[in-house]
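Survey of secondary and tertiary structure
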Amino acid sequence: MTAVAHREVERKYEFPEGAEARVDWSTLEGCTVSAEPVEHRMEAVYHDTEDMALGRRLVALRRRRGGADDGWHVKFQGADGRHELQVPLLRTPDRMPASVRNLLAGLTGGQELRPVATLRTVRQVHRISDSTGAAVAELAVDIVDSVDERTGTARSWSEWEVELLDGTVPEERQEQIFAAVEAVVFAAGGKPSTSRAKIARALGEDDDAPAGPGRKQDEKQPEGRSGKKAGSGTKNKKNKKNKNKAGKKGKPAGGPDVLRAVLGELAEQLVLWDFRVRLDVPDAVHQMRVTSRSLRSVLRAAKPFFDGAAAEELDARLRELARTLSAARDAEVTAELLAGRVEALEGRVGPAAAESLRQRAEEEARTAAAKVRRHVTGQEHLRLLADVQDFAARPPLTEECTRLSGREVADAVVHRALRKVVRVAEAELAGGPGGEGQLEHLHDVRKAVKRVRYVDAVLGRTGHRPGKQLRRAARDAEDYQDELGRIMDAAVVERWLAGTAAALGRSGADRYAVGALHGAEVLRLRAGTDGGADVVGVLLSQLREDLA
């Protein structure tokens, strides 16, 4: 079963009742709309867990039949917009492919996926073509009848959707197409849709917004399992408003609030990056590694506030995950830096040799990433994700933590992380320049500095900042991360080049190019290591002043 993924570039519109008939496509500039539409009658059954684990993360899973794209569709938000992955139906159409279940396993935590809404759509599709006659977009006029399978609530609406056929065209061209379409749509009284997605409307998440144009929403609201009227959005909105108001005027956050917020943020990020790793999204392995290290940094910096051994045990398991991710990240770094290393030799490495090495590095990076994707499908990894979320929701906090304010706990964890930098920096300097294990010592300093950065960053994201003096000290420590990072990157590239040279030697291949690169990398690494003590010395002096 072959999965197909593409980026969706689309916009949706609504019309007041009767206004659709006023649309005049003869005024469309630069494009034409096909006169005769193609009609599709589609059924989409959306699936989610009982606690809506997918919907909470803006991921939608549906099984569609009818239309031009029968199959299982996973829709999700990427860095550059909305994406959709499609998997063909099995011979038994209602059966979910294992590849879909595995893709979503980290998000669902192993919970059962079951129907939550059924949408039946009559779609009239027009092709939009440019001045050359080439099709550039599709206009879909949808009439939708839905049933919320959780409550039995029926809803109906209509909407127009314009989607580009090629989501990779330059943004300027995208805007030209949409601007031309919208000039016609808006002239007839249309407006951008207020609905985030069809599934959101089907589940009543848009009930506080104006009713769908063209057709009134079904006003039958049967009682749900709780006995309350389904879709009672006004009350929910009022409760949300009161909750926000109480949050602003209530008592300041306590120590437990800070740690729950920080751990909850990182646990959720770990699950989301797990999903992106399974999708093979660029940089996902790196970001999952950063998140796992951020969690470990918080667990260590907040160690005095945790009862028992649960935090240490979780830290050890996260360390094993980080090791699995590290090999893939090192391969990524090598592939990213290799071209620059070749260029620095100013022609000593020929184009053919450079291309061969590039292909080798990229192939190793792909292999390492595939190994990570296999790892995250294992039951042990899924248990780790579940345990991280459970720990974040109910951290075993000490009585001391419950007595402290949020600011005191934020100060304590940042101060503890900074003191760790001071200790490892002092140990590095004690070895003297060029001392045994200096590269390893520099690596330890860098890891300690990164822990400060991770702790400081997640505190900032959750709105729990430490005091001004500690914030300044954290920023000062982070200023040295890049310089230390360049030394570690050189160590990664040097190891890869040494291993590649050995492999080529065993095969009898020409090693001149890799030898030249390796020699240059050894010199770069030696210079970085020799100067590392000076960098650490300045860092240590700065931190001692900040923490005095």
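Whatever comes next refers back to the structure up there.
These remarks concern the structure in this document. Just so you know, these numbers come straight off a predicted model, no measurement behind them.

The subject of this paragraph is the nonpolar core. Grouped together as the largest cluster of nonpolar side chains are 74 residues, with contacts concentrated most on F306 and L418. When residues of this core are assigned to their parent elements, the largest contribution, 10 residues, is made by helix α12 (residues 406–430). If sequence neighbours within four positions are ignored, F306 has contacts with L259, L263, V298, L299, A311, F391, P395, P396, L397 and T398. With 23 residues, the next largest nonpolar core counts Y13, I128, V141 and F178 among its residues.

Here the focus is the packing of helix α7 (residues 284–301) against helix α13 (residues 438–461). Close contact between α7 and α13 brings their axes to 9 Å; oriented N to C, the two are set at 90 degrees. Judged on the interaxial angle alone, α13 and α7 are roughly perpendicular. The residues of α13 that touch α7, namely those facing V290, R293, S294, S297, V298, R300 and A301, are K450, R451, Y454, V455 and V458. Residues that form the contact of α7 with α13 fall into these classes: six nonpolar, two polar and four charged.

Side chains that carry opposite charge are capable of pairing whenever their charged atoms lie near each other. Evaluated as defined, the whole model comprises 46 salt bridges. Taking the shortest distance from any N to any O, the salt bridge between R358 and E362 comes out at 2.6 Å. Placement of both R358 and E362 in helix α9 (residues 351–376) is noted, with a separation of four residues, approximately one turn of the helix. Take R358: its relative accessible area is 33%, and that puts it in the partly exposed class. One continuous salt-bridge network, built from bridges that share partners, spans K12, E14, R123, D142, E159, E161, K198 and R201.

One pass over the structure, following the stated rule, counts two cavities of 30 Å³ or more. Of the pockets and cavities examined, the largest cavity occupies roughly 60 Å³. Together, M42, E43, A44, Y46, R62, R64, L119, T121 and K198 line the largest cavity. Of all the secondary-structure elements, those providing two or more residues to the lining of the largest cavity are β4 (38–48), β5 (60–65) and β8 (114–130). Here the element with the most residues in the lining of the largest cavity is β4; it accounts for four residues. Counted as a void, the second largest cavity has a volume near 50 Å³. Examining the composition of the lining of the second largest cavity, we find that three residues originate from one element, α13, more than from any other.

Most of strand β7 (residues 81–87) sits out of view: six of its seven residues are buried. Relative to β7, strand β6 (residues 71–78) is paired through seven bridges, and the arrangement is antiparallel. When the bridges of β7 are listed, G78 appears paired with G81. The loop that links β6 with its antiparallel partner β7 comprises two residues.

This part is about unusual backbone geometry. One non-glycine residue, M52, lies in positive phi territory at about 60 degrees. Phi at L58 takes a positive value of approximately 60 degrees, unusual for a residue other than glycine. Considering the arrangement of structural elements, one finds L58 in the loop between α1 (53–56) and β5.

The rules behind each value
- Residues numbered from 1 in each chain as written.
- Predicted model: local features only at pLDDT ≥ 70, side-chain atom pairs only at ≥ 80, totals over all residues.
- Heavy atoms only, no water.
- Core = buried A, V, L, I, M, F, W, Y, C linked by side-chain atoms within 4.5 Å.
- Buried < 20%, exposed > 50% of the residue type's maximum accessible area, 1.4 Å probe, protein only.
- Helix = DSSP H or I, 4+ residues; strand = E, 2+ residues; numbered from the N terminus.
- Contact = heavy atoms within 4.5 Å.
- Axes fitted to C-alpha atoms, helices over the stretch in contact; angles between N-to-C directions.
- Parallel < 35°, antiparallel > 145°, perpendicular 65-115°, else oblique.
- Nonpolar A, V, L, I, M, F, W, Y, C, P; charged D, E, K, R; others polar.
- Salt bridge = Lys/Arg side-chain N within 4 Å of Asp/Glu carboxyl O.
- 1 Å grid on protein atoms, 1.4 Å probe; cavity = no way out; pocket = protein on both sides within 12 Å on 5 of 7 lines; lining within 4 Å.
- Points joined across faces, edges and corners; volume = space filled by probe spheres on them.
- Pairing = 2+ DSSP bridges.

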